[in-house]
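Commentary on secondary and tertiary structure
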Amino acid sequence: MRNTRFLLCVLLLVSLAVLPAAAITLAEAREAAGHTAGALADFSLAVGGWQFQLEAPDDARLPSFDDSAWKPMAALQEWPNEHTYGWYRARLVVPERLRGIPTRGRPLTLLVGVDDRGELYVNGELRQKFEWNDGRVVLAETAQPGTSYLLAVKAINDTDEGELHFARLQVAGAEELAGARDAFLDVLRRSLQFCSHAEKPDPKWLGAISQAAATGAAAAQDLTSLPVRLQQARAQLGPVFAAMAKQPVFLAPPYLQNASPTGITVMWEAAGEFPAQVEYRESMYAAPRQVACPATALGQVRLEGLKPGTAYMYRVVLGSVAGPWHTFRTAPLGGEAVRFAVWADSQSHPEIFEPLVGLMARFRPDLAVGVGDAMGRGGNLDEWVDQLLWPMRGLSAETPFYAAIGNHEYGGFERTCPPFERYRDHPTASSGNEYWYAFDYGPARFIMLDPNQEDGPLGQRISPGSAQYQWLARELADAAARAKWIFVFFHQPPYSECWGGGYYDGEAHLRAEIVPLLERYQVDIVFSGHTHDYERGLPHPPYDPATGTGNEVTYIITGGGGGTLDNHKYRDWPQLDLPDHPADPKSDAADEGRYYQHHCCLVEAAGDTLRFTVHAMKPDGSYAGVLDQFQLKAKDRSGIR
Ligand SMILES: [Fe+2]
Ligand SMILES: [Fe+2]
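Residues numbered from 1 in each chain as written. Chains lettered and ligands numbered in written order. Predicted model: local features only at pLDDT ≥ 70, side-chain atom pairs only at ≥ 80, totals over all residues. Heavy atoms only, no water.

For the rest of this paragraph, the subject is the overall build of the chain. Counting secondary structure elements, the chain contains 13 helices and 32 strands. The C-alpha radius of gyration of the chain comes to 28 Å, within 12% of the 26 Å expected for a compact globule of 641 residues. Taken along its principal axes, the extent of the C-alpha atoms in the chain is 75 × 70 × 60 Å. Counting all 641 residues of the chain, 53% fall into the buried class. With an accessible surface of roughly 27300 Å², the chain has 53% of that area assigned to carbon and sulfur atoms. One finds the centroid of the 57 positive side-chain charges in the chain at a distance of 6 Å from the centroid of its 78 negative side-chain charges. (Helix = DSSP H or I, 4+ residues; strand = E, 2+ residues; numbered from the N terminus. Rg over C-alpha atoms; globule rule 2.2 N^0.38 Å. Buried < 20%, exposed > 50% of the residue type's maximum accessible area, 1.4 Å probe, protein only. Areas by Shrake-Rupley, 256 points an atom, 1.4 Å probe, with all protein chains shown as cover. Lys, Arg positive; Asp, Glu negative; His and termini not counted. Charge placed at Lys NZ, Arg CZ, Asp CG, Glu CD.)

If you want it as structure tokens, here you go:
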């Protein structure tokens with residue numbers, strides 16, 4: 001027995017000496033990169049040592065107040081009492097250095113977030129009333145290490161649990177490092193994407209990624225050397241970059257955009273920059289025609305001079321590697337019928353979105369439309385591929401798809417969303433931009449809006465007088481005069497019943513400013529997302545512009561593309577029929593779950609009849625049956641002035 005054990009020990013030691021260190025797996029490299037992103041997420045220092053008391057007197061704001069009987073309470077610890085408030089107190093002494101940066105003489109900012117709103121006091125003085133995570137005050141213009149501040153936060157809880165989300169101290173100069181950080185995280189994530197899409201990822205590449213991730217995470221400790229350390233981390237990715245430049249690998253396989261009767265756009269993204277060509281032909285027996293694309297990572301080729309309503313085969317040859325043949329169909333010239341799929345809010349759940357894409361593909365739609373929130377945060381560039389273009393591939397290789405932009409695409413950006421412009425080719429003939437635009441397909445006019453920004457350079461705010469509003473009014477007048485069907489898509493809904501927490505019931509400004517236009521021109525269907533469920537309202541005429549009551553338009557919320565589902569109905573809009581169970585604004589408990597399912601919509605318009613079917617999907621990707629169906633008749637718009 002003793003000898004056996006000894007032998008086993010020897011064998012183990014020998015094997016450890018002979019075998020190479022265990023190779024890093026893709027999952028491990030991904031986890032390391034995630035850890036690094038977390039370590040670099042912000043450049044501040046958490047303020048700790050909070051004492052808490054529920055419904056303490058307002059004297060708690062004063063430095064002289066005695067809180068010795070209070071209990072310690074860290075950030076992210078919930079207190080359950082609705083319609084109450086709690087006081088947090090902490091003493092803060094300015095450190096010599098903050099994440100390595102000397103504080104002396106620099107401006108020092110305090111960032112605070114609470115559920116649901118708060119009042120922030122410094123040394124007894126009210127400095128800010130704020131909501132949610134918007135607490136932000138300059139603690140000192142020129143910080144002196146050793147100075148002590150008494151911080152008091154009154155957190156007011158309107159619904160559900162109350163909580164201090166965070167309290168952080170940031171020194172001026174730290175924010176300027178965000179650019180270097182973001183650039184490094186982008187290359188780190190791109191390296192990972194390359195490994196996950198390459199046919200045989202070399203263990204050396206994964207080792208390089210986890211090394212670079214470790215260097216990056218360590219760099220977060222001392223911000224003074226951050227740019228240099230991130231350069232070193234980048235250099236460690238060398239073997240991956242070298243492979244990327246040599247091996248033609250699709251990150252986003254070819255996808256279709258912007259189909260017209262005579263043209264279509266083929267796009268793709270490769271890990272490295274390779275010359276490419278698109279080959280296409282009408283049948284297997286025809287000689288293929290070619291269109292070349294100069295060396296680039298994000299490929300885009302417009303095929304023109306095609307026949308209307310015609311099927312073509314195409315493939316993309318990337319470097320020397322030919323991809324598989326696919327089929328596309330050009331849009332018909334006019335025509336009586338169109339079939340399209342719609343989804344929204346697939347954000348952060350590609351594992352749910354991918355089977356939903358498979359469900360949409362089964363119905364062989366002519367086109368598909370995503371109504372926003374296709375990813376968790378548009379500023380994380382890898383999410384455009386990982387959460388949208390890769391899981392879309394089962395549909396997008398053969399079906400052109402369009403987007404109405406959501407608030408999550410804008411996450412990390414202000415005013416414009418560069419990746420939205422880069423990864424998309426939208427028909428801009430009528431609007432001149434890719435955020436709000438319109439196009440014909442068969443008997444229908446499709447109109448996409450962007451209600452996300454108040455006053456962006458594109459005039460996204462859709463209020464009377466804005467460029468988008470004026471364009472929309474012209475579009476609707478034109479469509480009402482000549483299109484059989486008018487479909488309008490925008491992410492945030494005018495009416496919503498089931499937004500989690502119940503504090504949102506749709507966009508008041510859209511109800512006041514856009515709905516009157518949509519109703520006046522008798523739009524057939526308005527599609528939105530944002531709320532994560534299925535909500536639907538058939539017409540309840542007449543619409544009264546004076547009071548805003550009634551509706552001629554069918555309103556759909558189709559926010560079941562993959563994001564975490566809402567599960568409770570808080571209010572009842574007369575414009576919405578589903579969910580059809582009673583609303584209960586006083587509770588947050590999950591209620592009858594029929595309309596809180598992942599789903600997609602299928603619209604089939606032929607002649608004067610439109611069939612609308614909603615297909616539901618279980619979380620495991622299996623089909624869950626028809627969630628809703630109805631028919632609409634084409635409208636007579638001849639009386640509209
Ligand atoms: Fe969403
Ligand atoms: Fe949203």
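This is not the end of the story, as more comes after the structure.
In this section: the nonpolar core. Among the nonpolar cores identified, the biggest contains 125 residues, and Leu-476 and Val-488 are the most heavily contacted of them. In this view, Leu-476 contacts Ile-447, Ile-486, Val-488, Leu-517, Leu-518, Tyr-521 and Val-523; residues no more than four positions away in its chain are not counted. With 56 residues, the next largest nonpolar core counts Ile-264, Val-342, Ala-444 and Ala-605 among its residues. (Core = buried A, V, L, I, M, F, W, Y, C linked by side-chain atoms within 4.5 Å. Contact = heavy atoms within 4.5 Å.)

Let us look at the packing of aromatic side chains. Centre distance and the angle of the planes are the two values used to describe a pair of aromatic rings. All chains considered together, the criterion is met by 31 aromatic pairs. Relative to Phe-328, the ring of Tyr-312 lies with its centre 5.4 Å away and its plane at 25 degrees, an arrangement referred to as stacked. With a gap of 16 residues between them, Tyr-312 in strand 16 (residues 311-318) and Phe-328 in strand 18 (residues 326-329) connect regions that are remote in the sequence. With relative accessibility at 1%, the residue Phe-328 sits in the buried group. Pairing Tyr-437 with Phe-439 gives two aromatic rings, centres 6.4 Å apart and planes at 15 degrees, and the pair type is stacked. As far as burial versus exposure is concerned, Tyr-437 and Phe-439 are alike and both buried. Members of the aromatic cluster, joined through ring pairs, are Phe-340, Tyr-402, Tyr-437, Phe-439, Phe-446, Phe-487, Phe-489, Phe-527, Phe-612 and Phe-630. Just above the ring of Trp-390 sits the side chain of Arg-393; from NZ or CZ to the centre is 4.0 Å. (Phe/Tyr/Trp six-rings, centres within 6.5 Å; stacked < 30°, edge-to-face > 60°. Lys NZ or Arg CZ within 6 Å of the ring centre and 35° of its normal.)

Here is the key point about a regular strand: its side chains alternate between the two faces of the sheet. Of all nine residues that make up strand 30 (residues 598-606), seven are buried, and the element is covered over most of its length. Inspection of the sheet shows strand 19 (residues 337-343) paired to strand 30 by six bridges, in the antiparallel sense. Counted as the bridge partner of Arg-339 is Glu-604 from strand 30. Two elements, strand 30 and strand 31 (residues 609-617), share nine bridges in a ladder whose sense is antiparallel. Opposite Cys-601, over in strand 31, you have Val-614 as the bridge partner. Joining the antiparallel neighbours strand 30 and strand 31 is a turn of two residues, in which Gly-607 adopts a positive phi near 60 degrees. (Pairing = 2+ DSSP bridges.)

Position of Ser-283 among the secondary structure elements: in the loop between strand 14 (264-281) and strand 15 (289-303). Sequence-wise, Ser-283 and Tyr-312 are 29 residues apart; in three dimensions their C-alpha atoms are separated by 6.7 Å.

Within the chain, residue pLDDT values average 93, and 95% of them lie at 70 or more. This model gives residues 12-20 a pLDDT under 50, and the stretch forms zero contacts once residues within four places in sequence are excluded. (pLDDT = per-residue confidence, 0-100.)

This brings us to the coordination of the iron ion (ligand 1). Within the protein, the atoms that donate to the iron ion (ligand 1) are Asp-345 (OD), Gln-347 (OE1), Asp-373 (OD) and His-532 (NE2), at distances of 2.1 to 2.3 Å. The site at the iron ion (ligand 1) holds four donor atoms, and with the angles between them running 82 to 171 degrees, its shape is irregular. Read N to C, the donor residues that coordinate the iron ion (ligand 1) are spaced as D-x1-Q-x25-D-x158-H. Here the iron ion (ligand 1) and the iron ion (ligand 2) are spaced 3.3 Å apart, and both take Asp-373 as a donor. Of this pair, Asp-345 sits in the loop between strand 19 and helix 7 (350-362) while Asp-373 sits in the loop between strand 20 (367-370) and helix 8 (382-389), placing them 28 residues apart in sequence. According to the relative accessible area criterion, Asp-345 is buried, its value standing at 0%. (Donors = N, O, S within 2.8 Å, 3.2 Å for Na, K, Ca; no water. Tetrahedral: all angles 85-135°; square planar, octahedral: opposite > 155°, others 65-115°.)

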